[in-house]
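Breakdown of the fold
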Amino acid sequence: PSPLGNQKITQPSVISRFLSSLIKPSSQPVQQDILGVDISQNHIRIVQLTKQKEEWVLLRYVSRFVEFNSEDEEALNKAYAEQLKKIILEEKFNTENAAISIPVTSAIVEVVEIPLLKDSELAQAANNKSLWDNSITLPGSLNDYSIFWQKVKEDKEKNLMSILFVASKLDEIDKYCDMVRQAGLDPLIVDVRCFALQNVLKTKNTKSASIDCFIEISGYENYAVFIYDGLPFIYDIFVADADAMAMRGAVDQIDEALINR
């Protein structure tokens, strides 16, 4: 099972069922064809999946390099939306359903250890937000985030329990949902990119299910995700500003000295 649960989008600012619902049946699985959309710096990637019996099958995969140079985030988002719309029309995708990945830097993921609570006590503490006030420190207000949590482990001998906590910035979710809407798609699912990759490796047709760590060093996102006992632990990787700028620039700026650092 995925470490993340399933939630349905009822408005643009709420996280939907996570991508694990594509990999394995859930209580409310997506039944129609769906497009997986990944918008990262200078790339747009799209996959189309269709369901055959109880398995999701890959129909098509498109990857496009796009180069936009602008410090204006609004103009940049509009350019990506226009390029995405162009790809959809050129490739003649026949479904509007979309699953979107968001960057790891747009989410806060922590495994929190707290005193053991009954399910009713845990639910009440989460609903009135006292649970997060006492166990999590977030930049800004709780109202700035869409929060998902799930109890993942109990240790009755130590009277402790572990909770997976995922807080995604609402403005980031809105930004990516708006981009795909401008391209004519309907965002049904949002997931943090590293979890989407982790879930892909859980399909029975892959041989890499035992992978323990994801690493991304790109100049934009620099982190390692360690999977321990089925739980994700995310750590930033320091990259100096000069090296980050080099990775964002031309390929010939990535020399052996940069890679060694």
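Worth saying up front: this structure is predicted, and the values here are computed from it rather than measured. Starting afresh in each chain, residues are numbered from 1 along the sequence in its written order. Two thresholds apply to this predicted model, a pLDDT of at least 70 for residue-level local features and 80 or more for giving and counting side-chain atom pairs, whereas whole-chain, interface and lining totals are computed over all residues. Working from all heavy atoms in the structure, the side-chain values ignore hydrogens and water.

Notes on the sheet that holds strand β1 (residues 34-40)
Hydrogen bonds along the backbone pair up the strands of a sheet, which may run parallel or antiparallel. Following DSSP output, two strands are said to pair if at least two bridges run between them. Each helix is a run of H or I in the DSSP string that is no shorter than four residues. Each strand is a run of E no shorter than two, and both are numbered from the N terminus. With respect to topology, 5 strands assemble into an open sheet ordered β3-β2-β1-β4-β8, the strand pairing being mixed. Sheet topology places β3 (55-65) and β8 (186-192) at the edges, where each strand pairs with a single neighbour. In this sheet, adjacent strand axes meet at a mean angle of 25° when their direction is disregarded. As judged from the 3 bridges shared by β1 and strand β4 (residues 97-102), these two strands associate in the parallel manner. Bridged to V37 within β4 is I100. By definition in these notes, contact holds between two residues if any of their heavy atoms fall within 4.5 Å. A fitted line through C-alpha atoms represents every axis, and for helices the fit uses only the stretch in contact; the resulting angles, taken between N-to-C directions, go from 0 to 180 degrees. Sheet strands in contact with helix α2 (residues 73-91) are β1, β2 (43-52) and β3, and its direction is about 45° off that of β2.

Description of the nonpolar core
The definition of a nonpolar core used throughout is a set of buried Ala, Val, Leu, Ile, Met, Phe, Trp, Tyr and Cys residues joined through side-chain atoms within 4.5 Å. Each residue's exposure class comes from its accessible area (1.4 Å probe, protein chains only) as a fraction of the maximum for that residue type: buried when under 20%, exposed when over 50%, partly exposed otherwise. In this structure, V37, I46, L84 and L185 are the most contacted members of the largest nonpolar core, which totals 38 residues. Top contributing element to this core by residue count: α2, with 6 residues. Residue contacts for L84: discarding those within four places in its chain leaves V37, I39, I44, I46, M179, V180, A183 and L185. Among the nonpolar cores identified, the runner-up in size contains 16 residues, and I108, W132, M161 and F165 belong to it.

Details of the pairing of strand β6 (residues 145-155)
As paired elements, β6 and strand β7 (residues 160-169) share 10 bridges and run antiparallel to each other. The residue of β7 that forms the bridge with D155 is L160. Where β6 folds back on β7, the antiparallel hairpin that results is connected by 4 residues, among which N159 adopts a positive phi of roughly 60°.

Observations regarding helix α5 (residues 170-182)
For an α-helix, the turn length of 3.6 residues means that residues three or four places apart are oriented alike. Given a rise of 1.5 Å per residue, 13 residues ought to cover 18 Å, and the 18 Å separating the end C-alpha atoms of α5 matches this to within 8%. Residues of α5 that are buried include every one of L170, E172, I173, K175, Y176, C177, M179 and V180, and no others. Tucked into the core, α5 has its buried residues touching β1, α2, β4, β6, β7 and β8. Phi turns positive one or two residues past the end of α5, at G184, with a value near 90°. An expected span of 1.5 Å times one less than the residue number is assigned to each helix.

Focus on the sheet that holds β6
Pairing in this open sheet of 3 strands is antiparallel, and the strands run β5-β7-β6 from one edge to the other. Each edge of the open sheet carries a strand with a single partner, namely β5 (107-115) and β6. Ignoring which end each strand starts from, the neighbouring axes of this sheet average 20° apart. Most of the contacts of helix α3 (residues 119-127) go to β6, to which it runs at about 155°, and overall it touches β5, β6 and β7. Its contacts with the sheet put α5 on β6 and β7, and the angle it makes with β7 is roughly 50°.

Considerations on the pattern of salt bridges
For this document, the term salt bridge refers to a Lys or Arg side-chain nitrogen within 4 Å of an Asp or Glu carboxyl oxygen. Within the structure shown, the criterion is met by 12 salt bridges. Note that E91 is salt-bridged to R60, the shortest N-O span being 3.2 Å. On the criterion of sequence distance, the pair formed by E91 in helix α2 and R60 in strand β3 is long-range, its members being 31 residues apart. Between K175 and E73 there is a salt bridge whose closest N-O contact spans 3.3 Å. One end of the pair, K175, is in helix α5; the other, E73, is in helix α2, with 102 residues separating them in the sequence. Judged by relative accessible area, which is 18%, K175 ranks as buried. We classify E73 as partly exposed; its relative accessible area is 46%.

The analysis is restricted to geometry; functional conclusions fall outside its scope.
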